[in-house]
Structures are given as C-alpha cells and as structure tokens.
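Listed below, chain by chain, are the residues.
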Amino acid sequence: MINNILSSILHSKLRVLLILFLSEITFFLVLLTFTNSLAFNTQIKMVEAMFSSDLTTTYRIDVSYIEDFDNSGVALAELKEFVNQEIGGKCGAYDQSGEYFDELQNNVEYISLNERAYSDTFRSDTPSIAECVFFDTEILPIVSTELSEDDFQLLKKGDETYLPLYVGKDFEHVLAIGDTLTLSRNGAKYIVAGYLDDIQWFDDSDPITLPVISLNHKFFAPFADMDKIDSITQQSTVGKIFIENSDNVQGFSDIVSEKALQLGIKLRITSINDFVEQWTQDNYQILKLNFFLAVIVLICSVISMISTLCVTVLLQKREYGIRIAFGTSKRKIIILLCSEILIINIVAGIIAFLYSYYNYAKSTIDSFQDIYIRTLCSDSLFGLIVIVFVLVGTVLFIPVIILSRYNPAELIKEED
C-alpha cells in the first residue's frame, strides 16, 4: 500500500507539488488567523484576570502632559495621595527596571545565574543587573495576587529599618531570607523577606507590558519614599497607574481629572472594561483582514485542487480500467487516492506548523512567545488537524464520486 502511494506520488510530481504548495499556503494562513485570534483572546482573559476588582470601576491612567517635568514625581505622588486619602479610592502604580545592588556586584553565583537567564536578551551584556518590579503597595488590593499590603510592612534588623523585598524562585540558592541589599542608585535599603513562586500577576505573561524576563528571575519590592517623588522613576510608571473607585464615588473620573489639572497634569482615565473593549475593536480589524485573506485562499485552493484531481481521474480512466480488470477493486483505488492526498496535506500541514512556530519563536519578547506558541501548540494545532481532514474530504468528494461510477469494461473500450 505504502509503495503504491509513493509510486503514485513520484509518478505525478507536478500535481503533487501543486497540491502541496496550495495546501501549505492555506494551512499557514489558517494557523496565523487561528493563533492571532485565540492568542488575543488569551491576552484579554489575562488582563481581566489581573484585577480582583470590578473592571467597570477600575481605571487605567495615561498621562499625556506634565507641566513641570522636573517636579512630575511630586505631582503624581500628590495625585495618588488625593485619591487614596481624600476621595476613598485606591491608586497605585508599578514599574519594571534594571537595578544594581551593592552587595551583588561581586557575587559570582548571582552573576553566573544571570548570565544564563539573560542569554539572548538585551540584558546579556549586563549580568550584574537585577530585573526588579517596584510598586505602590496601594495597588495590591486592586490586582489579583496572593501578596497583600501586610506583606510589605517595614522590617527591622538590628538598629536598621528595611523595606521588604521578595525574590524569584531562581534565586533561592543565592539569596537567603534576611539578607540585606542596598540599591546602588539611591541607597535605599531592602531585606529579603521571601521567595516568589509563580504568583498570578507581574509575571512573564503580563499582558499589558509583556516583560522580557520571567518573574521567577526578578526582585519584587515597594517603592522607597525617595522613589515615590522621583520624577524619572514616576514618569516610567505612566500607563501602569491604576485606580479603583472602591467607594463608588459619583463623578469619580471627573474629580480625579480636575485634581490632575490643578497639579499641571493632563491625563486620560479609561476603565479597564472600556480599555479591553477598545483593544478588542482595534484588534478585530486586523483579525478580520487575516480571516478574509485566509478564506479567499482556502476557497481558491479547494477549487484548484478539486479541478486538478478531477482532471487526473478523467485522464487516467484507461489505467483505472486495466487495474480493475486485473483484480484491483475500485474501493482499493479510491483508498489509494485518498491516502495519497491525505499524506500530501499532512506534510503541508507539518511544514506550515513548523514555519509558524519558527516565526513566533523569533520574537525577542519571551511573554509574546509564550502566549502565541502556547496557543499555536494547543488550540491552533487542533484547528489545523480539523482543517486538514475537512479539506481532504472536500477536495476528494467529487473525484471519488466520478471514480466510483467507472465501469472497467467501458473504460477500456472507451480508450480503445
């Protein structure tokens, strides 16, 4: 059986190459459409899962202009304090940055660990840098995480007071609980309070920032007082400032916007619900174009393959007649044709899958790779398998009907 299939494939190279080419393009576009659509839905679900609060009363702040840039840190700190203290809301921000700690600059084990983790990233040349997530503790009740404000109370060691710092599980054998660290940039003092083990937010799958380095290899700590009013630090939190209207204050957004204008800040406040809807609409236009292109190519490919197979069946009538006359059943011939087309399409599907995987794997953003490759290897792969069998069944339907109606004697006589 296999020998017959291979012999038929080698005998009809041009037909096989045409079907292989058409199928490969079709499957690649189908995979692209499936993966982009399903991966986007995954990102949306991840955004929704980021927050423990109601998405309609939780807001994202985008700052477009700050009048006094040099004092922007103070202005943003005043705005957060206004929300947290005067109107009964919750407001906080976070930032992800690379930092040096004095105690780690000559730590060989730490640097060696970073060299492996930062390989092929923009951090590869600076293994002594620690990837850190800094945040306002007020943001913790807004987001879905096991950590709370109580986990970040000031800690004492001897006569010194330290800010608590949690480290990713990659550092369990490098840093011990109770170790102290000094931030080289401003001298802020931290103490290792525990280890992070795949918490739900601020991780390598953060759908808003798509960070390069996994949280398993990051430090997680609250802003020091000096960072809360530092202009450069707070400017980098723009787009990562969140507010919750926890007391359901009427005109909450307008009150915050008015206070911001008084502080010389122009901003846009968008509820997470509206943010997700707008993101979905923008992405829908791209997905619609992908879907339209995939459908057009699919229809054209199906028509071309049906035409090619029908012509093949009609041109090989005499051959079929002789084979049937010598004892080969029509059922066996039909199975041989179906198997040949199925194998060609499976090969095309494998090539399309590998090419898609390669394209997504080339991304330098690890979390992008994670979301899209995970989608490609699960839902999209299942969809591809279904499409392969549906396509094979569709293109073989008419040729098989024609072949099943052949009579060996009439075929041989007709060819004579």
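Residues numbered from 1 in each chain as written. Predicted model: local features only at pLDDT ≥ 70, side-chain atom pairs only at ≥ 80, totals over all residues. Heavy atoms only, no water.

**Let's talk about the overall build of the chain**
Part 1: The helix and strand tally for the chain stands at twelve helices and ten strands.
Part 2: For the chain, the residues scored as buried account for 49% of the 416 residues in total.
Part 3: Sequence-distant contacts, at least 24 apart, represent 80% of the contacts inside the chain between residues at least 6 apart.
Part 4: A total of about 20600 Å² of accessible surface is found on the chain, and carbon and sulfur atoms cover 57% of it. (Helix = DSSP H or I, 4+ residues; strand = E, 2+ residues; numbered from the N terminus. Buried < 20%, exposed > 50% of the residue type's maximum accessible area, 1.4 Å probe, protein only. Contact = heavy atoms within 4.5 Å. Areas by Shrake-Rupley, 256 points an atom, 1.4 Å probe, with all protein chains shown as cover.)

**Details of the side chain of Ser301**
Part 1: Mapped onto the secondary structure, Ser301 falls in helix α8 (residues 272–315).
Part 2: Since its relative accessible area comes to 3%, Ser301 is described here as buried.
Part 3: Among the polar contacts listed, one links the side chain of Ser301 to the backbone oxygen of Val297, at a separation of 2.8 Å. (Polar contact = N/O pair within 3.5 Å; in protein donor to acceptor, adjacent residues only side chain to side chain.)

**Some details on the packing of helix α9 (residues 317–325) against helix α10 (residues 330–361)**
Part 1: At a closest axis distance of 9 Å, the pairing of α9 and α10 adopts a crossing angle of 130 degrees. On the basis of the axis angle, α9 is oblique to α10. Only Lys330, Ile333 and Leu336 of α10 make contact with α9, whose side of the interface consists of Tyr320, Arg323 and Ile324. (Axes fitted to C-alpha atoms, helices over the stretch in contact; angles between N-to-C directions. Parallel < 35°, antiparallel > 145°, perpendicular 65-115°, else oblique.)

**With respect to the nonpolar core**
Part 1: By size, the foremost hydrophobic cluster in this structure holds 40 residues, and its most contacted members are Phe27, Leu309, Leu337, Ile341, Val395, Leu396 and Leu403.
Part 2: Secondary-structure elements contributing two or more residues to this core are α2 (13–50), α8, α9, α10 and α11 (366–404).
Part 3: Considering every element that reaches this core, the biggest residue donor is α11, with 13 residues.
Part 4: Filtering out sequence-adjacent residues up to four positions away, Ile341 remains in contact with Arg15, Ile19, Leu309, Val392, Val395 and Leu396.
Part 5: The next biggest cluster of nonpolar side chains, apart from the first, holds 23 residues, and it includes Phe40, Ile44, Tyr94 and Val276. (Core = buried A, V, L, I, M, F, W, Y, C linked by side-chain atoms within 4.5 Å.)

**A look at the pattern of salt bridges**
Part 1: Tallying each qualifying case throughout the model produces nine salt bridges.
Part 2: Residue Asp136 pairs with Lys80 through a salt bridge whose shortest N-O separation is 2.8 Å. With Asp136 in the loop between β3 (130–135) and β4 (155–157) and Lys80 in helix α3 (residues 72–86), the pair connects residues that are 56 residues apart, well separated along the chain. Here Asp136 matches Lys80 in class, with each residue buried.
Part 3: For the salt bridge of Arg185 with Asp227, the shortest nitrogen-to-oxygen distance reads 2.9 Å. Of this pair, Arg185 sits in the loop between β6 (180–182) and β7 (189–196) while Asp227 sits in helix α5 (residues 225–228); the two residues are 42 residues apart in sequence, bridging distant segments of the chain.
Part 4: Note on Asp227: relative accessible area 1%, which makes it buried. (Salt bridge = Lys/Arg side-chain N within 4 Å of Asp/Glu carboxyl O.)

**With respect to the environment of Gly194**
Part 1: Positionally, Gly194 belongs in strand β7.
Part 2: Those residues within four positions of Gly194 in sequence are excluded, and the remaining contacts are Leu165, Tyr166, Val167 and Ile177.

**Observations concerning the pairing of β7**
Part 1: By the bridge criterion, six bridges tie strand β5 (residues 160–168) to β7 in an arrangement that is parallel. Residue pairing across strands places Val167 opposite Tyr195, the latter belonging to β7.
Part 2: Judged from the three bridges that link them, β6 and β7 form a sheet pairing that is antiparallel. Each residue of the ladder has a partner; that of Thr182, found in β7, is Lys189.
Part 3: The hairpin turn running from β6 into β7, its antiparallel successor, is six residues long, and Gly187 in that turn takes a positive phi close to 80 degrees. (Pairing = 2+ DSSP bridges.)

**Quick look at the packing of α2 against α8**
For any two helices packed against each other, the geometry comes down to the angle between their axes and how far apart the axes lie.
Part 1: At a closest axis distance of 9 Å, the pairing of α2 and α8 adopts a crossing angle of 165 degrees. Relative to α8, the element α2 is oriented roughly antiparallel. Judged by the twist between their axes, the crossing of α2 over α8 is left-handed.
Part 2: Its residues placed into classes, the contact of α2 with α8 shows 20 nonpolar, 13 polar and two charged. (Left-handed = near helix turned anticlockwise from the far one by under 90°. Nonpolar A, V, L, I, M, F, W, Y, C, P; charged D, E, K, R; others polar.)

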